[in-house]
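Coordinate analysis (summary)
Here is how the chains run, residue by residue.
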Amino acid sequence: MSFNNKRDDLVASLDHTLDAAITGRSPWLDARARFLRNKAAVFSVVLLCLIALACIVGPWVLPHAFDSADWDAMSLPPTFKNWHLLGTDESGRDLLVRSLIGGRISLMVGLLATMTSVTLGIVWGATAGFIGGRVDSFMMRIVDMMYAVPYLLIAILMVTILGRAFYLVVITITVFSWMDMARVVRGQTLSLRSKEFVEAARAIGVPTRRIIFQHIVPNLLGVVVIYATVTIPNVILTESVLSFLGLGIQEPMTSWGVLIHDGTAVMEISPWMLLFPALFLSLTLYCFNYTGDGLRDALDPKDR
Amino acid sequence: MWTYVFRRVLAMIPTVFVVITVCYLLLHATPGGPFDSERKVSAVVLANLNAKYHLDLPLWQQYLYYLNSLLHGDLGASFRYEDWSVNELVAKALPVSAAIGGGSILISLVLGVFLGTIAALRQNSVVDYLVMGISNAGTAFPSFVIGPVLILVFAIWLKVAPAGGWDAFSPRYMVLPMSLLTFINVASIGRVMRGSLIEVLHSNFIRTARAKGLPMRVIILRHALKPALLPVVSLTGPLAISSITAAVVTESVFSIPGLGKLILNGAGNRDYTLVLGLVVLVTVITVVFNLLVDLTYALLDPKIRY
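About the cut-offs
- Residues numbered from 1 in each chain as written.
- Chains lettered and ligands numbered in written order.
- Predicted model: local features only at pLDDT ≥ 70, side-chain atom pairs only at ≥ 80, totals over all residues.
- Helix = DSSP H or I, 4+ residues; strand = E, 2+ residues; numbered from the N terminus.
- Buried ≥ 20, exposed ≤ 12 C-beta atoms within 10 Å, placed from the backbone.
- Contact = placed C-beta atoms within 7 Å.
- Nonpolar A, V, L, I, M, F, W, Y, C, P; charged D, E, K, R; others polar.
- pLDDT = per-residue confidence, 0-100.
- Core = buried A, V, L, I, M, F, W, Y, C linked by C-beta atoms within 7 Å.
- Expected span 1.5 Å × (residues − 1).
- Axes fitted to C-alpha atoms, helices over the stretch in contact; angles between N-to-C directions.
- Left-handed = near helix turned anticlockwise from the far one by under 90°.

1. Re the overall build of chain A
A tally of regular secondary structure across chain A gives 12 helices and zero strands. Listing each helix as α and each strand as β along chain A from the N terminus yields α-α-α-α-α-α-α-α-α-α-α-α. Sorting the 304 residues of chain A into buried and exposed places 41% on the buried side. Considering only intrachain contacts with a sequence separation of at least 6, the fraction spanning at least 24 residues in chain A is 68%.

2. Quick notes on the overall build of chain B
The secondary structure content of chain B amounts to 12 helices and zero strands. Reading chain B from its N terminus to its C terminus gives the helix and strand order α-α-α-α-α-α-α-α-α-α-α-α. Counting all 306 residues of chain B, 37% fall into the buried class. Contacts in chain B between residues far apart in sequence, at least 24 positions, make up 72% of those at least 6 positions apart.

3. A closer look at the interface of chain B and chain A
Chain B puts 34 residues into the contact, and the matching count from chain A is 29 residues. Breaking the side of chain B that touches chain A down by element, the ones donating at least two residues are helix H1 (2–28), helix H5 (126–140), helix H6 (143–157), helix H10 (248–253), helix H11 (259–269) and helix H12 (272–300) of chain B. Broken down by element, the side of chain B that touches chain A gets its largest block of residues, eight residues, from H12(B). Looking at the side of chain B that touches chain A residue by residue, the class counts come to 26 nonpolar, eight polar and no charged.

4. Focus on the confidence of the model for chain B
Looking at chain B, pLDDT values average 80 and 91% of them are 70 or higher. In the model output, the complex is listed with pTM 0.80 alongside ipTM 0.78.

5. Here's the deal with the nonpolar core
Residues A:Leu157, B:Ile263, B:Leu278 and B:Val279 are the most contacted members of the largest nonpolar core, which totals 125 residues. In terms of residues, this core owes the most to one element, helix H7 (residues 171–201) of chain B, which gives 15 residues. Filtering out sequence-adjacent residues up to four positions away, B:Val279 remains in contact with A:Leu153, A:Ile154, A:Leu157, B:Val19 and B:Cys23. Formed by 18 residues, the second largest nonpolar core is a distinct cluster that contains A:Ala182, A:Ile216, A:Leu295 and A:Ala298.

6. With respect to the environment of B:Ile134
All names here are of chain B. Relative to the elements of secondary structure, Ile-134 occurs in helix H5. The exposure class assigned to Ile-134 is buried, which follows from the 22 C-beta atoms found within 10 Å. Distance from Ile-134 to Arg-191, taken between C-alpha atoms, is 8.8 Å for residues 57 residues apart in sequence. In this view, Ile-134 contacts Val-186, Ala-187 and Gly-190; residues no more than four positions away in its chain are not counted.

7. Thoughts on helix H6 (residues 151–162) of chain A
Taking 1.5 Å per residue as the helical rise, H6(A) with its 12 residues ought to reach 16 Å, and the 16 Å between its terminal C-alpha atoms agrees with that figure. Of all the 12 residues making up H6(A), 11 are buried; the element is thus mostly covered by neighbouring parts of the structure. Within H6(A), the full set of buried residues consists of A:Tyr151, A:Leu152, A:Leu153, A:Ile154, A:Ala155, A:Ile156, A:Leu157, A:Met158, A:Val159, A:Thr160 and A:Ile161. The inward-facing, buried residues of H6(A) abut helix H7 (166–175) and helix H10 (208–244) of chain A together with H1, H10, H11 and H12 of chain B.

8. Here's the deal with helix H9 (residues 196–203) of chain A
Where burial is concerned, little of H9(A) is hidden: zero out of the eight residues are buried. Phi turns positive one or two residues past the end of H9(A), at A:Gly205, with a value near 85°.

9. A short note on the packing of helix H4 (residues 86–121) of chain B against H7(B)
Residues and elements named next belong to chain B. Two elements in contact, H4 and H7, have axes separated by 6 Å at closest approach and are oriented at 35°. Where H4 crosses over H7, the handedness of that crossing is right-handed. Here the residues of the contact of H4 with H7 are counted per class, giving 20 nonpolar, 10 polar and one charged.

10. Focus: the environment of B:Leu262
Position of B:Leu262 among the secondary structure elements: in helix H11. Distance in space between the C-alpha atoms of B:Leu262 and B:Leu300 is 37 Å, their sequence separation being 38 residues.

11. A closer look at the environment of A:Asp70
Here A:Asp70 shows up in the loop between helix H3 (39–61) and helix H4 (95–131). For A:Asp70 and A:Gln188, which are 118 residues apart along the polypeptide, the C-alpha to C-alpha distance reads 56 Å.

This is the structure we're talking about:
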């Protein structure tokens, strides 16, 4: 009796020490630790959050509306007077509020178009990779074709024809940004299907659904996250290019591309009109790129 | 080799065909005809105009007409620039784009490879920081930010070059736009060259060459440079294409009458034939360029089998 008790105690304590010594570290915890060690990436994420927060909250807090002209304060340089912190444009609209509103649009286009193109890419790539054979080679031919076309010109053609509404800009950008994801997901799916650990799981009788969700999806997810982060800045850039050329977001709505375009028109007399929107855009692009690099280093264990 | 070339040329055709067809259908889905205008045109004139441009035929017949004229190298008449055919407009714009884009891609290749090589050999030196700085700036500052800044500094403040415009290939007008394109191209060529050379220098055959006691100069020039150039070659294709045919931003910032500006104007004016013609032309150039790059790659890389 007492012996049994003793043994149970021993087992319990051993269990306990084992628990303490070998806590499970999932690949995600590992990745998080690696990411947090990357100072530039962490700093970028913080800065991105700040920019996003400012874009969301700023226009409510600041005492100006983005489209209200102030005839007493036209083309003001940055000043604390009347809270025109970044100055005003030639019709007296506050640049800071306009930049933040423009940031909302740019970031929203970025996130939306990234989401749609990532979804399209995953579905396309996974389908091609899973079915394989003729379907696969046909679907990948289409991807090759999309790579071979001069996308900016066709994007210009599309926005000219379809119109320049917000969602049309998102669609146009999506059409030309899903191919990377499709390729990567297809390759990943193909190689994962025949990996030993998937085979092993199948051999010990793990049901297919659990194989997919426990073994294949987590392995896909890393790549998806990395490519999504890389896609966002490219998408924002494309939106800005279109808007800069006058083919994207239209007045009175604004985006960073529109603001930069407006800024170039008056840069001789009021250079801040060019400087600040450009700074917002560049900072955002920079941060997304660093975050993407950081994520890649953190999530891709092969690449170390 | 020749079968490979043949196969690649055959593979080009569906791409070009699909692009033409999709763009054609897209353009014809637009509301409004080319002759809608504020000014009332009499019904007879309108009917004649439509007949002249085959606009009275069903879509598939128009499409076949268009394909036929394309095969004869005729991009049609411009709907907006009266008395101009698209061919004539292109003939005027293409040399401008080719001069600026082609010139800058040549300079960028020399500069990028040179700087990238030095950066790779002298890591953490001044040149290395310069290359990394340029390439970081190139990724963070888009051309429509750098371009206006160049104008502000060199044209408005220092007054050393005109702010934009074009004057019969006068170098004065070419300096700033070419600097912009070159900066952006060097940003990527330099980084790729640096990275690939560093990687090559760590490979086994370089160690062998060093172990044989070859001087560093020979190792780099004879052994390392060629494999290190491969990624640069595959990068040059898209860069050259975007510098020559899709320099829309550069040409619009500096108001240069090249292909990019032409397509922007065409898009703004709803000039069907012009935009379609330009897209067709640029697609063909792009596809041919990609083919050339792939062939160069195949020639340079002994690992590639056709």
